[in-house]
Every structure is written in structure tokens, then in C-alpha cells.
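# Observations on chain architecture
The residues making up each chain are set out below.
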Number of protein chains: 2
Amino acid sequence: MVSLPSSASATIDAPSRLSIEFGDRSYDILIGRGVLSDAAAWQALPRAECAVIVSNAVVAGLYGAALQGALAAHYRRVLTVELPDGEAHKDWPTLNLIFDRLLAEGCDRKTVLFALGGGVVGDITGFAAAAYMRGVPFVQVPTTLLAQVDSSVGGKTAINHPRGKNMIGAFYQPRLVVCDLATLDTLPARELSAGLAEVIKYGPIADADFFEWTERHVDGLCARDPAAIAHAVQRSCEIKAAVVAADEREADVRAILNFGHTFGHAIEAGLGYGEWLHGEAVACGMVMASDLSARLGLVPRTFVDRMSALCERAGLPVRAPRLDGPEQWLDLMRLDKKAQGGEIRFVVIEQIGRAALRAVPQTLVRETLAAFCE
Amino acid sequence: MVSLPSSASATIDAPSRLSIEFGDRSYDILIGRGVLSDAAAWQALPRAECAVIVSNAVVAGLYGAALQGALAAHYRRVLTVELPDGEAHKDWPTLNLIFDRLLAEGCDRKTVLFALGGGVVGDITGFAAAAYMRGVPFVQVPTTLLAQVDSSVGGKTAINHPRGKNMIGAFYQPRLVVCDLATLDTLPARELSAGLAEVIKYGPIADADFFEWTERHVDGLCARDPAAIAHAVQRSCEIKAAVVAADEREADVRAILNFGHTFGHAIEAGLGYGEWLHGEAVACGMVMASDLSARLGLVPRTFVDRMSALCERAGLPVRAPRLDGPEQWLDLMRLDKKAQGGEIRFVVIEQIGRAALRAVPQTLVRETLAAFCE
């Protein structure tokens, strides 16, 4: 079990600052509206000749100039690298675009990278920072709800391999995470819903009160009520920070953050990356993992119904694709990073607010697949 | 300055064991004849379903079966991945061969990788281990002199980029290094000489007595005298271990291990990887860096002559290629990882046994280039 801080009150006027503890690699998460364009947000970062903003065309068009302006106060050169958008491009050729540019521009090993965008930009930029000249500093500037509440915090970086998601990467912590809530105003509704999947995740695995809070506020979250969004980001980051500080390299407890992800990654890989958004696959995967938990006798069937209703209200899918039948599902899930010696392990809910990683009898997994696949 | 242990006596009969101190990532270097095929050498490694030997066709043909046999005592499955040989293949497509195989075989994140070969196999396997599922354990089993005395120790892993050597990689420590001196019996003479370049390096940067020892024993080393080879490997590993333990991520003192490498990397990149062996380029680069040190007034001209004579006796080149003239040299060296803000920095010898990293006036660098380039 991870001990969590008590929930802070929602902040929409003043930025709030959380700390994430990794000894000499500790860092802050700054949350607030408009923080991205405030030069003061960036002043404690390492000095360097050069800052490089990594983004995609859409996000760079919206926020690139503001970030560039704020960074110009601290760095003599501020370059921007635009990557192709989407999970399908979270691969080696895209990663190499960053290396090509850094080397063409003569960027040295003090260079600071800024990941401006969603989870794809954050994961790929983080891995670029981990590997360029064996490691340069980087900063997460997440502009999607999913990235703000999940992927930008905790230092997991990666690219995909055709045989599996996030198979090649590093645990590599950023120096700072800046969550500008104003960037969520321009987020497409489908992306907002995908981010809500990861918000919904934190209640069942770690905080029963927050689960009930999400049930009460899901409509407000979908309507982008600023106070609700601020609280959701703040509380999600608090929980994630507490979990990953307890287990940086996922030896153990950190695996609970993968609730829904074993089924979810199979959906993403089985349909081809980008067909479903990551958050959509996770939502469906969480309902399936809840069903599995109920089949194990850990939670009542009513919990599965509550999870399903909550995800549906958040605009998320709760029925799974068939793929090529249960064998393809099982093959894909055997490649999950939590698998050991060919045995698939699932994050199950033991009671609302508490999760665990378990090997599950294959008959039960097949029952869940039969119940959810079209 | 790094404090060094006093030189142990040469061991040719019983294996010796050095420790390299990185806190909870400390590990041993085991040096001896025939240790590779001794199952006892491997028994303290992490347990796993699967061990994967990464090698090339030549080395796997010579030592693959012996290692496989020794590992079979500890792992249920022992796979071998053969990579194409040579520095020209230290790139992404080759690295990806390892990932493809690990995923095709369903290797989980407990899998232990064994790098059986020279510096190319060690660097690429180490980076594969650093990145596969965000990090799996790995072991160095160096079979060249260069890898035994230098590249297998200290956790530098990398692949090359067309614009520069070792530009993409990680600091990632192995769990164990096993130097089987018997593998050097089959090493081609040119590769033995290349390894001697890195042996010769340790004297000028850290140990004046060892410099004189290499001058006295260079003929014995070229003749593969077992006692001389054993002492050279042992002392080189001791010095390297002391330097990298003091500065794992090359913030500072570790850079002295790059003596000769700024010029050397320019030769390798300028001629195309693989044209000169790494050790050959380093030898020539060390003589050039010694010349630069003399031009700075740090060491007498006689030291440059001694370095040049020693390298020549070891069968190593001491005249540099022209490339496309001094501008190409300078362009290539500006991409060196030690450069900062466009300023090239060189490891210079302050006195025999002591080195430092310094920015050097470009006029002096041009004088050295003019003196050495055909």
C-alpha cells in the first residue's frame, strides 16, 4: 500500500506545486492556468546554450510561440522540432528525427529538451533525452488531459515496437512538469474523454473517496468545468506521485497504475496503434479487469456496473473488439511487460481503493473475453 | 584526481576478482583463463526463465557453445542472437535485431542478456539491455583485449549515428564482467594492437609507473606473453574501475578516459566507421593529444616521442589521415560529446600520470593537425 497525501482543495486561480520525491532526482509538478507562458516557471532549470521544444504541428501552432517566448528569457537558442502526430508514429524513425536535428544543430549534452504535447510527444521526447549523448535534461509540458494526469509524471519513456507497445524505452525522470490547464480548452472532446479514463483509474486503485468524487463530477469534467478539471489533475498527480515515488522502476507497487492496461495494450496492438486512443483502450480494459476482479470474487458485480456506467458517461467505450478471437488476445497479452515466464499477470481490484498484481486462471480470462468481445 | 589501488601482482593461474563500486549497482570483474566455461562464474546472477547470448558469427563459433553450456546450469532457455560484425553495424537496424528476437521469443523483463564479443557487441548489447522493456539485467563477456581493458567496464553503452560515434546510448551498468584471457589467444594481431592502445592510455592519464611498465613490456604484450597480458588487463581494469566509480556519468574526472578520443572519433567518423579500428584511431589521437599538450607547454617534447614510439612498437598508426582538410577535422570534433557551446575540449596530459579536460586555442589545434596529417 502507498500512503497518499490528503486531497488538496482545488485550485483554479493560483498555480499549485507538488513535489515528486526521487532523492537527488526529485522534481516539481506545476499546475495552473497560463503557467506555460510565464518565464518564472522555467527559471530554476539547468542553464544551457540551447533549448529544444519537441512538439507536433497542431500543438506547436497553438502554444509553441508562447513557450518559445518564455524560454527565450533563459536560453540563447530555442529550437523547435515538429514530429508527425499520433501513436502510429511513436517509433524509431520519429525518434531519430529528434536525434538528426539535435546533431545537425550541434546541440551539446547540456541541451534541455521540452516535450510540448500529449503522451506520444512526452514519451518519445523523454526517451530521446534519455539516449541523446547518453542523457540530457528534459521537461514535460503536457497539453492533453491524459498526459497531465498520467504519462508526464513518473519518468516512463518509450517508443513502440510492431510487436508491442512501449517495449523500447527508459525510466528517466524529467526535471520539471508544467501542466497548463488552459491548454485543455482546445483539446478535442474525444481526447478529453481519453484523458478521463486515466483520471477514473486512480479511484479504484488507490482512493475510494476520489472514485466517488469522479462519479459525482463526471458531467462537470466532460463540460470542462475549470474547478473540476483543476481538482482532477491535482488529485491524479498526487496519487501518481505517491505511487511512483514508492517504486520508481516498477519492481512492485507501481504496477497498479497499469489497471486496465493489459487488456488495453492488446486492443491497441491488435487493432493497430492509433485506431483506438490509448485512453479509450484503457477504459474498456478497466471495465474488463473489473469484471475479472468480480469473477475472482474480490469485488461485487455492482462495482463492474459502476465502472462501466462511469466510463460510458465519460464518453468512453466499454465493449471490446473481437480481434482474431481469444487466442490473439492471449498472445498479445503474453507480451505484456508484467508477464513472467509466459504467465500473464493482471492488475485486479481487491476492494475499491486497493489494487494488486495477480496471475489469473486462464479460464476466467477467457470468460471475460467472451463477455466483452463483440 | 582519482585515488588508485596499488597494482596487484599478475595472475595467470587463479582468476582474480575486482569490485567496481556504484552503491547498490556495484559489480565484480572476474579475470582469468577459462572462466567463461566455468558454471560457477555465473551462479550469483539474477534468476530468470531465459538467458540470451548476443554475439557475432565468428565469436559465437569460437566460444558460444562453451558459454551456452555453462549458462544452461542456471537458465532453462539459453538463446543466441548473432549480429553482423564491425563498427559499421553498430547502428539502429542491428540493435533492432536484438529487440525483434527478444519479442519474437517472448522474453520477459527478467531476461538476462550476455554480450559475448568485442566493444561493438558490448556497446550495442548494453544499450539493448538498457532499453528493452525499459531495462533488463546484462553481463559483459568481452573477448577482445580492447573490450576487456576498456569498453566492458563502466556502463557506457551506445550505438552510432551517421553524424557521430556513440551519440545514442545510456549509462547502464552490467551485473558482472567476465574477462576470459584465453579468448585473446584467437584474437587477430591487428585487434590485439588495437586493444593495446587502450592499455597504453592508462599510464599517461593516471599511473606513471604503469606507463613505464608498458614501455618495458610492449614486446611481451604483442607476443601475448600470458603474465604480461594478465597484468595489463588487471591494472587497466583497476584504473578504469577507480575512475568511473568516482564519476559514473562523466560529469568531470571520467572524461580523462577519453584521452586521444576527440581526434580519434574524428578519424573514425571522417573515414567511415570500420575503416580504422577504434584502437588505431585512439592511438593516433593520443599521440596528437600529447603533441597538443606539448604545444601548451604542459609536457616536454620527449613525452610525445615516447608515446609515438610506444604506439608504433605496439603496431599502431601514429600519422593521421588528411580527411577533407582541417575544417572537416574541426567540424567533426565540434560534435564531440565533451564540446560545450560549440567549443571543442581536449583531454591533455598535465604530467605523466595526470590528465585534464581543457578548451584549447584553435591555432594550436591547427598546428597539431598540420603536423600529423599526411
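Residues numbered from 1 in each chain as written. Chains lettered and ligands numbered in written order. Predicted model: local features only at pLDDT ≥ 70, side-chain atom pairs only at ≥ 80, totals over all residues. Heavy atoms only, no water.

Moving on to the sheet that holds strand S5 (residues 112-117) of chain B. Sheet strands line up and pair through hydrogen bonds in the backbone, either parallel or antiparallel. Residue and element names in this part refer to chain B. In spatial order, the strands read S1-S2-S9-S6-S5-S3-S4; together these seven strands make up an open sheet with mixed pairing. Each edge of the open sheet carries a strand with a single partner, namely strand S1 (16-20) and strand S4 (77-83). Mean inter-strand twist for the sheet, computed between neighbouring axes without regard to direction, equals 20°. Here two bridges tie strand S6 (residues 138-142) to strand S9 (residues 176-180), and the two strands are oriented parallel to one another. In the strand pairing of S9, Gln-140 is matched with Val-177. Strands strand S3 (50-56), S4 and S5 of the sheet are contacted by helix H2 (residues 92-104), whose axis makes an angle of about 155° with S4. Sheet contacts for helix H3 (residues 119-131): S3, S4, S5 and S6; angle to S5, the most-contacted strand, approximately 170°. (Pairing = 2+ DSSP bridges. Helix = DSSP H or I, 4+ residues; strand = E, 2+ residues; numbered from the N terminus. Axes fitted to C-alpha atoms, helices over the stretch in contact; angles between N-to-C directions. Contact = heavy atoms within 4.5 Å.)

All names here are of chain A. Splitting chain A by domain gives domain 1 (16-186) and domain 2 (189-372). Using C-alpha coordinates to define each centre, domain 1 is positioned 25 Å away from domain 2. In this assembly, 34 residues from domain 1 lie in contact with 35 residues from domain 2. Buried area between domain 1 and domain 2, both sides added, is near 2900 Å², and the carbon and sulfur share of it is 64%. At the junction of domain 1 and domain 2, the tally comes to five salt bridges. One salt bridge in this structure joins Lys-156 and Glu-250, with 2.5 Å as the shortest N-O distance. Joining domain 1 to domain 2, the criterion identifies 14 residue pairs in polar contact (both at pLDDT 80 or more). Listing elements by their share of the side of domain 1 that touches domain 2, those giving two or more residues are strand S1 (16-20), strand S2 (27-32), helix H4 (145-151), strand S7 (156-161) and strand S8 (164-171). With six residues, H4 is the largest single contributor of residues to the side of domain 1 that touches domain 2. Taken together, the residues of the side of domain 1 that touches domain 2 break down into 14 nonpolar, 12 polar and eight charged. (Domains from an automatic or database assignment. Buried area = accessible area lost by both parts, 1.4 Å probe. Salt bridge = Lys/Arg side-chain N within 4 Å of Asp/Glu carboxyl O. Polar contact = N/O pair within 3.5 Å; in protein donor to acceptor, adjacent residues only side chain to side chain. Nonpolar A, V, L, I, M, F, W, Y, C, P; charged D, E, K, R; others polar.)

For the rest of this paragraph, the subject is the environment of Ile352(A). Residue and element names in this part refer to chain A. Its place among the elements puts Ile-352 in the loop between strand S10 (345-351) and strand S11 (354-359). Between the C-alpha atom of Ile-352 and that of Val-299, which follows or precedes it by 53 residues, the distance is 7.9 Å. Non-local contacts of Ile-352, meaning those with residues more than four positions away in its chain, are made with Pro-204, Ala-208, Phe-211, Phe-303 and Arg-306.

In this structure the tally under the stated criterion is 21 aromatic pairs over all chains. Between Trp42(A) and Phe114(A), the aromatic rings sit 5.7 Å apart at their centres with planes inclined by 80°, giving edge-to-face as the arrangement. Taken as a pair, Trp42(A) in the loop between S2 and strand S3 (50-56) and Phe114(A) in strand S5 (residues 112-117) lie far apart in primary sequence, 72 residues in all. The two residues Trp42(A) and Phe114(A) agree in class, both being buried. What links up through ring pairs into an aromatic cluster is the set Trp92(A), Phe99(A), Tyr132(A), Trp92(B), Phe99(B) and Tyr132(B). (Phe/Tyr/Trp six-rings, centres within 6.5 Å; stacked < 30°, edge-to-face > 60°. Buried < 20%, exposed > 50% of the residue type's maximum accessible area, 1.4 Å probe, protein only.)

On to the relation of the copies chain A and chain B. What relates the pair of chain copies is a rotation about an axis plus a shift along that axis. Note on the copies: chain A fits chain B at an RMSD of 0.0 Å, the axial shift is 0.0 Å, and the rotation between them is 180°. Both copies are brought into coincidence by an operation consistent with a two-fold rotation axis. In terms of proximity to the rotation axis, the leading residue of chain A is Trp92(A), whose C-alpha is 4.2 Å off the axis. Looking at chain A, 100% of its interface residues are interface residues in chain B too, so the copies touch through the same face. (Least-squares fit on C-alpha atoms with pLDDT ≥ 70 in both.)

Take the side chain of His265(B) next. Relative to the helices and strands, His265(B) is located in helix H8 (residues 261-271). If near-sequence neighbours (up to four positions away) are discounted, His265(B) is found in contact with Lys165(B), Asn258(B), His278(B) and Asp336(B).

Right, let's talk about the environment of His231(B) for a bit. Residues and elements named next belong to chain B. Structurally, His-231 can be placed in helix H7 (residues 226-246). With relative accessibility at 11%, the residue His-231 sits in the buried group. Sequence separation of His-231 and Leu-18 is 213 residues, and the distance between their C-alpha atoms is 13 Å.

Residues and elements named next belong to chain A. In this structure, Met-133 is a non-glycine residue whose phi angle is positive, near 50°. Along the chain, Met-133 turns up in the loop between helix H3 (119-131) and strand S6 (138-142). Residue Arg-134 is not a glycine yet carries a positive backbone phi of 65°. Summarising the element assignment, Arg-134 is placed in the loop between H3 and S6. Classification of Arg-134 as buried rests on a relative accessible area of 4%.

Our next topic: the interface of chain A and chain B. Counting residues at the interface gives 39 residues for chain A and 39 residues for chain B. Between chain A and chain B, the buried area comes to about 3400 Å², and carbon and sulfur atoms account for 58% of it. The interface formed by chain A and chain B holds two salt bridges in total. The salt bridge partner of Arg109(A) is Glu250(B), with a shortest N-O separation of 3.0 Å.

Our next topic: the pattern of salt bridges. All names here are of chain A. Following the criterion strictly, the structure yields 58 salt bridges over all chains and no others. Measuring nitrogen to oxygen at the nearest pair gives 2.8 Å for the salt bridge that ties Arg-25 to Glu-248. Taken as a pair, Arg-25 in the loop between S1 and S2 and Glu-248 in the loop between helix H7 (226-246) and helix H8 (261-271) lie far apart in primary sequence, 223 residues in all. For Glu-248, a relative accessible area of 16% puts it in the buried group.

This next bit is on the environment of Trp42(A). All names here are of chain A. For Trp-42, a relative accessible area of 0% gives the class buried. For Trp-42 and Ala-245, which are 203 residues apart along the polypeptide, the C-alpha to C-alpha distance reads 23 Å. Not counting the four nearest positions on each side in its chain, Trp-42 is found in contact with Val-35, Leu-36, Arg-47, Leu-67, Ala-70, Leu-71, His-74, Phe-114, Val-139, Val-141, Leu-176 and Val-178.

Attention now moves to the packing of helix H11 (residues 326-334) of chain B against helix H12 (residues 362-372) of chain B. Residues and elements named next belong to chain B. With their axes 11 Å apart at the nearest point, H11 and H12 run at an angle of 120° to one another. In terms of orientation, H11 lies oblique with respect to H12. H12 is crossed by H11, and the crossing has right-handed handedness. Across the interface between the two elements, Pro-326, Glu-327, Trp-329, Leu-330, Met-333 and Arg-334 of H11 pack against Gln-362, Val-365, Arg-366 and Leu-369 of H12. Partitioned by chemical class, the residues of the contact of H11 with H12 number six nonpolar, one polar and three charged. (Parallel < 35°, antiparallel > 145°, perpendicular 65-115°, else oblique. Left-handed = near helix turned anticlockwise from the far one by under 90°.)

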